[in-house]
Structure formats: structure tokens, C-alpha cells
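Per-entry structural report
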Amino acid sequence: MEPQPTAAPDSTAHTIETVFRLESPRVIAGVARIVRDVGIAEELAQDALVAALEQWPRDGVPDNPGAWLMATARHRAVDLIRRRETYARKLAEIGRDLETTAPPEVPADPDDIDDDLLRLVFTACHPVLSPEARTALTLRLLGGLTTAEIARAYLVPEPTIAQRIVRAKRTLAQRNVAFEVPHGPDREARLGSVLDVIYLIFNEGYAATAGDDLLRPGLCEDALRLARVLSALMPKEPEVHGLTALLEFQASRTAARTGPDGAPVLLKDQNRRRWNRMLIARGVRALDRAGATAAGAPGPYVLQAAIAACHAHAYTYEETDWRAIATLYGLLAARAPSPVVELNRAVAVSMADGPAEGLELVDALAAEPALRDYHLLPSVRADLLARLGRPAEARTELERAAALTRNEKERQLLLRRAAEVAP
């Protein structure tokens, strides 16, 4: 159950909502270390929120609201353990006396993130959970989103999201998944899952798969915040910095990707003066950190960030270094082969060497099962056919792409392009 701050005055209610959204990941992580169960930890964090809703409107907002929530949740965790017959064993496992544990009196430095939050990240993205469950649980525990917000973001019924989250927490408990950061090969394998979940969240916000809107900025912001947090938690992991750089570069284009009516604006038509130079600078710094920490060949996210950097450094579409992008896509295809990577490489090759070379690569992907219902395949093919002076075929491909997409804004754009193709 997700409490609603209806009883509090508007200003206090807004403060409580904001504080809880920002602090809930830390509170859940801190309590989960005590109770060793993310489901119970979330319930105790919600109990602390209920206590805040009851006390803050009456007594005023504490000087350090985050520490207040943490202390309240921890005290309830101790009370819960005391009620269990295994209290003594739990104390031995924890290795310290919980009764003497107190939250910091001084507000925590935002850049000073302890290992509890890192444990929570890896637990929420454990491979025993399905990708859909990992995404929902990550947004719930680390993004601070309600089930209703997650359901709206993914255009899924709220009960479906609620069931995914409940089942995910139950699976973690039944499988006795340790609340820890794995080491060695297990850590590398699990880190890939963590990064993939964050990237999936960002992509759904950056180019919604369905619905009436192309963008869902809230999801992009949540994913970017999670990536930045992970960069602070794991400063020696180049792929973490690579993902952060990639999201910074992608997010920098948001304002230019849609017109006043919400219609998509293609990359070549975007007003690059609307690109956010501050985010681009942050992306450059993150990519530099990835390079400084890399010990071998660059990973997939570092390579994708390098591709995004090529676009970010071009002040006009014509200045884009397509040959460098094609080379980077070739490296990415060798490092993390996929039909989508090959499709993007075909686009870069067409810009560097001409549409005929690009079309040859695209046609070789036509039989790929993964691209059978992917609307960007006929969309890319249409662009190449138009550049080759074959408008009738281009129009057919654009109409096919429009029939495949589930996003209304993209469908309208594709149909408009089809109508504009000269006979």
C-alpha cells in the first residue's frame, strides 16, 4: 500500500513527498541491510513515511528529514527483529549492536554514498528476476516511483505492475538472494544487468514504444539520475561511466527532438542550438573518466557513448564525422553483435560511402527475425531508396513502417513523409 499525504497541509505534504522520493532508496537500502529482505525494508520505509505524515504537519519538518526517516525506519526494523525468535542470531549475523546504532546527525554529502545503496542496486537487478520485473523493481525502489507512475510510463495496467513488483520481492525472498555486491565474474555479469535496466528505462523515456507522446522526460530523468548515482558508487568501472556519458549526450538533445506540437524532429532537421551544452560537457567528462579507468578494449556502452559524442561535437548535421561513426559501429558490432547495431552501422556507412552501400547492408538484414516487426528497418530503407531516386519504393516502405509503429507521433511523421515523397 502506498500512503497518500492527504492529511497534511499542502506545503508540508509537498515537502514530505519530495523528501521521501529522494531519500527512500537510501532508507530502503539501510534497512534492507538489517532485515535482509527488500520487501520488508520497503514496508518499513513506508511505515516511516506514515509516521512523517502524522508528525511533521504537527511538529514541523525536522532539520535533517532524511536522517529522521532513516532513524524511524531503523528503529522499526529493530523492533521487528526483537519480536522474532531469531533476534540473537540476527544480531550475530549483523555483527554489531543495533540498539546503539544512530543515524548521522549531519546531513549526508550527496556524493558520499555508502555501500548499502550499491547492494540495493544489484539486488533489484538480480538475474533471477525477469527483465520486466527488474525494471519495475528498480523504478520502485531506486527511482521512488509509485506503481501508478510506473504503469503510466509503460502504458501497462497498474495491477500488472503491482503484481510484477510483488512477485519480484517474493522471488528474491524465496530464492534467499543475498543482499550484497557480488565479486569477481559474478559482479561483472550482474553489472551488465544493472546497466541494461537503466538503459532500458532511459530508452523508453527517450523514444516511447507506444502511446500518444514520443518522449516521457520523467523516465529519462530517473534513468540519468540512477546512472549518475552508479558512477559515484563504482568510480573504477569504465562501462558505468560509459553509460552515464551516453545518457548525458542523448538527454542533451531532448529539447530539439520534438516540435511545438510534439511531433518528432529528425536528427538532420534538429536545431542544434537547442542542444543542452551543459549536458554535453558532462557527457564529455564521463567519457573521459571511462577512458581513464579502462584497462582493455572499450565496452559496448563506452563505444555507444563515443558515437553519441561524434554527433554532439558536430555543430551542424553536415559536419558529422560519419566515417568515424561507421568505424565505431563496426567495433560495437564485433563487441556486442545485434541486428539493431548492424542497422545503425548501415546508416553510418550510407552517409560515409553512399546510399547504395548502405542499402546493400540493410537488405542483408531483411531476413532477421528480430527486425521483422521493427519499424525502423523499413524507415531506414525508405530513406536510402529516396536518396537513390526510387520514390515509389520509398513511399511503400514508409507506409509499412507507419503500420508497424505503436507510437502515434511516429506514425504521423512516417505517413507525412510518405505523402511528401515525390512520385
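Residues numbered from 1 in each chain as written. Predicted model: local features only at pLDDT ≥ 70, side-chain atom pairs only at ≥ 80, totals over all residues. Heavy atoms only, no water.

Per an unreviewed UniProt entry, the recorded name for the protein chain is RNA polymerase subunit sigma-24, and the organism is Streptomyces fodineus. What the UniProt record of the protein chain gives under Sequence similarities (unreviewed entry) is the line "Belongs to the sigma-70 factor family. ECF subfamily." (UniProt positions renumbered as here; feature names shortened; annotations may be inferred.)

**A few points about the pattern of salt bridges**
Applying the stated criterion across every chain, the model contains 16 salt bridges. We note a salt bridge from Asp363 to Arg381, for which the minimum N-O separation is 2.7 Å. Here Arg381 lies in helix α17 (residues 376-387) and Asp363 lies in helix α16 (residues 355-363), a separation of 18 residues in the sequence. Because the salt bridges share partners, they merge into one network encompassing Asp363, Arg381, Glu397 and Arg400. (Salt bridge = Lys/Arg side-chain N within 4 Å of Asp/Glu carboxyl O. Helix = DSSP H or I, 4+ residues; strand = E, 2+ residues; numbered from the N terminus.)

**Remarks on the nonpolar core**
In globular proteins that are soluble, nonpolar side chains generally tend to be buried together. Of all hydrophobic cores here, the largest spans 88 residues; its most connected members are Leu120, Ile198, Leu230 and Leu247. The biggest single contributor to this core is helix α1 (residues 10-35), with 10 residues. Leu247 has contacts with Ile198, Tyr199, Phe202, Ala223, Leu224 and Ala227, leaving out every residue within four places of it along the chain. Within the second largest apolar cluster, 18 residues are counted, among which are Ala382, Leu398, Ala402 and Val421. (Core = buried A, V, L, I, M, F, W, Y, C linked by side-chain atoms within 4.5 Å. Buried < 20%, exposed > 50% of the residue type's maximum accessible area, 1.4 Å probe, protein only. Contact = heavy atoms within 4.5 Å.)

**Some words on the packing of aromatic side chains**
This structure, assessed with the given rule, holds 3 aromatic pairs. Taking 5.3 Å as the distance between ring centres and 70 degrees as the angle between the ring planes, the aromatic pair formed by Trp56 and Trp68 counts as edge-to-face. Note that Trp56 is positioned in helix α2 (residues 38-59) and Trp68 in helix α3 (residues 65-82), a separation of 12 residues in sequence. Judged by relative accessible area, which is 2%, Trp56 ranks as buried. (Phe/Tyr/Trp six-rings, centres within 6.5 Å; stacked < 30°, edge-to-face > 60°.)

**Quick word on unusual backbone geometry**
One non-glycine residue with positive phi stands out, namely Arg36, at about 60 degrees. Examined against the element boundaries, Arg36 turns out to sit in the loop between α1 and α2. A relative accessible area of 39% means that Arg36 is categorised as partly exposed. With a phi angle near 55 degrees, Asn176 is a residue other than glycine that sits in the positive phi range. Along the chain, Asn176 turns up in the loop between α8 (158-174) and α9 (184-206).

**Observations concerning helix α14 (residues 322-335)**
For α14, with 14 residues, the first-to-last C-alpha span of 20 Å sits near the 20 Å given by 1.5 Å per residue. Taken residue by residue, α14 has Trp322, Ile325, Ala326, Leu328, Tyr329, Leu332 and Ala333 as its buried positions. Down the axis, α14 shows its buried residues gathered within 165 degrees of arc, on one side only. For α14, the secondary structure elements touched by its buried residues are α13 (300-313) and α15 (339-353). (Expected span 1.5 Å × (residues − 1). Arc of directions from axis to C-beta.)

**As for the side chain of Thr138**
Position of Thr138 relative to the elements: it lies in helix α6 (residues 131-141). Its relative accessible area of 2% is what places Thr138 among the buried residues. Within the structure, Thr138 has its side chain in polar contact with the backbone oxygen of Arg134 (distance 2.6 Å). If near-sequence neighbours (up to four positions away) are discounted, Thr138 is found in contact with Ala124, Cys125, Gly143, Val197, Ile201 and Leu226. (Polar contact = N/O pair within 3.5 Å; in protein donor to acceptor, adjacent residues only side chain to side chain.)

**Looking at the packing of α17 against helix α18 (residues 391-404)**
Contact geometry of α17 with α18 gives a least axis separation of 8 Å together with a crossing angle of 165 degrees. The orientation of α17 with respect to α18, classified from their angle, is roughly antiparallel. Considering how the two elements wind past one another, α17 and α18 form a crossing that is left-handed. On α18, the residues that touch Pro378, Ser379, Arg381, Ala382, Leu385 and Ala386 of α17 are Glu393, Ala394, Glu397, Leu398, Arg400, Ala401 and Leu404. For the contact of α17 with α18, the per-class residue count stands at 8 nonpolar, 1 polar and 4 charged. (Axes fitted to C-alpha atoms, helices over the stretch in contact; angles between N-to-C directions. Parallel < 35°, antiparallel > 145°, perpendicular 65-115°, else oblique. Left-handed = near helix turned anticlockwise from the far one by under 90°. Nonpolar A, V, L, I, M, F, W, Y, C, P; charged D, E, K, R; others polar.)

**Considerations on the confidence of the model for the protein chain**
Per-residue pLDDT for the protein chain has a mean of 84; in total, 86% of the residues score no lower than 70. Contacts from residues 3-8, a stretch scored under 50 in pLDDT, to residues over four places away or in other chains number 10 contacts. Segment residues 97-113: pLDDT under 50, and 24 contacts once partners within four positions in sequence are set aside and those in other chains are kept. (pLDDT = per-residue confidence, 0-100.)

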